[in-house]
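Structural features, examined
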Amino acid sequence: MELPKIHSITKKILVALVGAFLLIFLLFHATANLFVLRHDGGAWYSAFCHFMGTNWIVKVFEIILLGVLALHVLLTLWLQVTNRLAGVSSADNRFFKRRYHEAQKSKTDSTSKLMMWTGIVIFAFLVMHFCQFYFVKLGWVKGEYMVKVEKLQDPEMMQLVQYSAQMQMSPEEILAEMEQQAAEYGESDESTRYIASLRDKLGVMDIVQRAQQEGNFSEDMQWIRHLTYDERQTLRRVMPESDPEPDFYYMVRELFHNPLMVLLYLITFVALFMHMRHAFPSAFQTLGLNNYKYSRAIEICGIVYAWLICLMFVAVPILVYLGL
Ligand code: HEM
């Protein structure tokens, strides 16, 4: 198989650069996750996710991040394949291989095998993780949603509620009467559309009522929680400005009540730790930012960085599972 020719050092430098970017992202992500541990009904975490979901700079960053992630996977696979092909062709040179490179090679091989396997675990995790969260945000997978109460206070709906209270009739009865009159007097398309839009808004009122009856409000009474996917679609259609958002606070907390999920996440964090522990000094080495004077210090920084990020990640599933 003929692969496009890019010098192996160029590929390594690219892998190191994208790896460094991902290391910084992980610190950011792990720090933001700690907001889930606040018992504030999700006020901080939801505000953070709202910012992440609406700010256009973040959206551009997200596209870059996903591109970088894909590039990282492709480049590392490519490096593996080209290294293997190169290994086969140099296998003839037995004397050279045995004498000097044997010890060096077995060390490099075991590290690159470790990187490959931990990379596969992280990749498998990301597929699951995206199905649990990110794809919900994109609307590809169903999740739990919330919407700000004030965004549902539509003046026409309020008028209908007030009028029905005055008339001592239910809003449905008022609408039925309006429809009957429209049919009798052969009213215009406009009034038929108006009545239809009121009927849609009545559907929204049902959603609000259900949320109220089930007590699905956060402490600050700002959010209606636990909308179903269909309810969210109704809200989007009838009142697009309310644009219900995924309730990631609730979803994360729900997820970590499941011991299997806690275990899967913990396994990933172990793989992530091993991956990062090697990636950190290796990125420095490739980018030429390492020399014999600092190599020990960089190695230690790598270990501390990997511990820091993994402990921050680990805290969320464990503490949520323990109900803390
Ligand atoms: C306790 C552990 C974790 C929790 C609770 C968590 C939670 C979340 C949530 C709620 C989102 C969607 C947020 C949004 O898009 O606004 C998300 C997105 C994402 N997560 Fe995680 N995550 C965890 C660990 C990880 C790990 C270990 C990785 C990488 C190895 C990772 C990579 C990503 C990526 C790439 C995205 C999509 C980009 C983004 O939306 O920022 N997550 N995570």
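Residues numbered from 1 in each chain as written. Predicted model: local features only at pLDDT ≥ 70, side-chain atom pairs only at ≥ 80, totals over all residues. Heavy atoms only, no water.

Overview of the overall build of the protein
Rules: Helix and strand definitions here come from DSSP, where helices need a minimum of 4 consecutive H or I residues and strands a minimum of 2 consecutive E residues; each element is numbered from the N-terminal end. Burial here depends on accessible area, computed with a 1.4 Å probe over protein chains only, as a share of the maximum for the residue type. Under 20% is buried, over 50% is exposed, and the range in between is partly exposed. Residue contacts are counted whenever heavy atoms from the two residues lie within 4.5 Å of one another. Accessibility throughout is a Shrake-Rupley quantity obtained with a 1.4 Å probe, and a residue counts as covered only by protein chains that appear here.
Within the protein one finds eleven helices and three strands. Walking the protein from its N terminus toward its C terminus, one meets helices and strands in the order α-α-α-α-β-α-α-α-β-α-β-α-α-α. Out of the 324 residues in the protein, the part that is buried amounts to 34%. Pairs at least 24 apart in sequence give 77% of the contacts found in the protein among residues at least 6 apart. When the accessible surface of the protein is summed, it comes to about 19700 Å², and 65% of that surface belongs to carbon and sulfur atoms.

A few points about the sheet that holds strand 1 (residues 145-148)
As a reminder of what qualifies: In this analysis, strands are considered paired if DSSP registers two or more bridges between them.
Sheet architecture is open: three strands sit in the order 2-1-3, paired in antiparallel fashion. The outermost strands of the open sheet, each flanked by one partner alone, are strand 2 (223-227) and strand 3 (245-246). The sheet contact formed by strand 1 and strand 3 spans two bridges and is antiparallel. Each residue of the ladder has a partner; that of Tyr 145, found in strand 3, is Pro 246.

Observations concerning the packing of helix 5 (residues 155-166) against helix 7 (residues 189-213)
Which entries qualify depends on this criterion: A fitted line through C-alpha atoms serves as each axis, taken over the contacting stretch for helices, and the angle formed by two N-to-C directions is quoted from 0 to 180°. When an angle is under 35 degrees it counts as roughly parallel; over 145 it counts as roughly antiparallel; between 65 and 115 it counts as roughly perpendicular; any other value is oblique. We call Asp, Glu, Lys and Arg charged. Ala, Val, Leu, Ile, Met, Phe, Trp, Tyr, Cys and Pro are nonpolar, and the rest, Gly among them, are polar.
Packing of helix 5 against helix 7 brings their axes to within 10 Å, and their N-to-C directions diverge by 85°. Between helix 5 and helix 7, the crossing angle belongs to the class labelled roughly perpendicular. Where helix 5 abuts helix 7, its residues Glu 156, Met 157, Leu 160 and Val 161 lie against Tyr 194, Ser 197, Leu 198, Lys 201, Leu 202, Val 204 and Met 205. When the residues that make up the contact of helix 5 with helix 7 are grouped by side-chain class, the tally is eight nonpolar, one polar and two charged.

Observations concerning the packing of aromatic side chains
Given two aromatic rings, their pairing is described by the distance between the two centres and the angle made by the two planes. The line we're drawing: Two rings from Phe, Tyr or Trp (for Trp, the six-membered ring) form a pair when their centres are within 6.5 Å of each other. A pair whose planes differ by under 30 degrees is stacked, one over 60 is edge-to-face, and the rest are tilted.
For the structure shown, the criterion picks out 16 aromatic pairs. Judged by centre distance (6.4 Å) and plane angle (50°), the ring pair of Tyr 145 and Tyr 229 falls under tilted. Within this pair, whereas Tyr 145 is found in strand 1, its partner Tyr 229 is found in helix 8 (residues 229-238), the two being separated by 84 residues in sequence. Under the relative-accessibility criterion, Tyr 145 is labelled buried at 0%. For Tyr 229, a relative accessible area of 22% gives the class partly exposed. Counting every residue linked through ring pairs, the aromatic cluster contains Phe 28, Phe 35, Trp 44, Tyr 45 and Phe 48.

Quick notes on helix 10 (residues 259-286)
Put simply, the test is: Residue count minus one, scaled by 1.5 Å, sets the expected span of a helix.
Across its 28 residues, helix 10 extends 40 Å between first and last C-alpha, which sits within 8% of the 40 Å expected from 1.5 Å per residue. Backbone geometry just after helix 10 places Gly 288 at a positive phi near 70°.

Structural notes on the site of the ligand
Our working rule: Being near a molecule or strand, for a residue, comes down to having at least one heavy atom within 4 Å of it. For the purposes of these results, a polar contact is taken to be a pair of N or O atoms within 3.5 Å, where, inside protein, one atom must be able to donate a hydrogen and its partner to accept one; residues adjacent in sequence count only when each atom of the pair is a side-chain atom.
Not every one of the 25 residues close to the ligand is listed here, only the nearest: His 29, Asn 33, Tyr 45, His 129 and Lys 137. Take Glu 62: an N or O atom from its side chain is 3.4 Å from an oxygen atom of the ligand. Taking Lys 137, its side chain carries an N or O atom lying 2.9 Å from an oxygen atom of the ligand. In terms of residue count, the dominant contributor to the shell around the ligand is helix 4 (residues 94-138) (eight residues).

Some details on the pairing of strand 2
Taken across its five residues, strand 2 has five buried, putting it largely inside the fold. In this structure, strand 1 lies alongside strand 2, joined through three bridges in antiparallel fashion. Residue Lys 148 lies in a different strand from strand 2, and its bridge partner there is Trp 223.

Here we look at a negative patch on the surface
Inclusion rule: Within this analysis, patches are made of residues with over 30% relative accessible area and no salt bridge. Like charges are joined at 9 Å or less; nonpolar side chains (Val, Leu, Ile, Met, Phe, Trp, Tyr) at 5 Å or less. Just to be clear on terms, a salt bridge is a Lys or Arg side-chain nitrogen sitting within 4 Å of an Asp or Glu carboxyl oxygen. By the counting rule applied here, Lys and Arg register as positive and Asp and Glu as negative, while His and the ends of each chain are not counted. To locate a charge, take atom NZ for lysine, CZ for arginine, CG for aspartate or CD for glutamate.
There is a patch of like negative charges on the surface, built from Glu 172, Glu 173, Glu 177 and Asp 206. In this structure, Glu 172 sits in helix 6 (residues 171-185).

Some points on the pattern of salt bridges
Under the definition given, this model contains eleven salt bridges. With its nearest N and O atoms 3.1 Å apart, the salt bridge here joins Arg 38 to Asp 40. Taking relative accessible area as the criterion, Arg 38 reaches 34% and is therefore assigned partly exposed. The closest approach of N and O atoms between Glu 231 and Arg 210, which form a salt bridge, is 2.7 Å. Of this pair, Glu 231 sits in helix 8 while Arg 210 sits in helix 7, and the two are 21 residues apart along the sequence. On the basis of relative accessibility, which here comes to 12%, the residue Glu 231 falls in the buried class.

Describing a nonpolar patch on the surface
On the surface, Val 121, Leu 260, Leu 263, Leu 264 and Ile 267 cluster together into a nonpolar patch covering about 410 Å² of accessible area. With four residues, the top contributor of residues to the nonpolar patch is helix 10. As for its placement among the helices and strands, Leu 260 is situated in helix 10.

With respect to the side chain of Lys 201
With respect to the helices and strands, the residue Lys 201 is situated in helix 7. For Lys 201, the residues in contact, after removing those within four places along its chain, are Asp 154, Glu 156, Met 157 and Val 238.

Things to note about the confidence of the model for the protein
Using the following cut-off: For every residue, the predictor states its confidence as a pLDDT score lying anywhere from 0 to 100.
Confidence along the protein averages 82 in pLDDT terms, with 86% of residues attaining 70 or more. Mean pLDDT across the elements of the protein bottoms out in helix 4 (76) and peaks in helix 9 (residues 248-255) (94).

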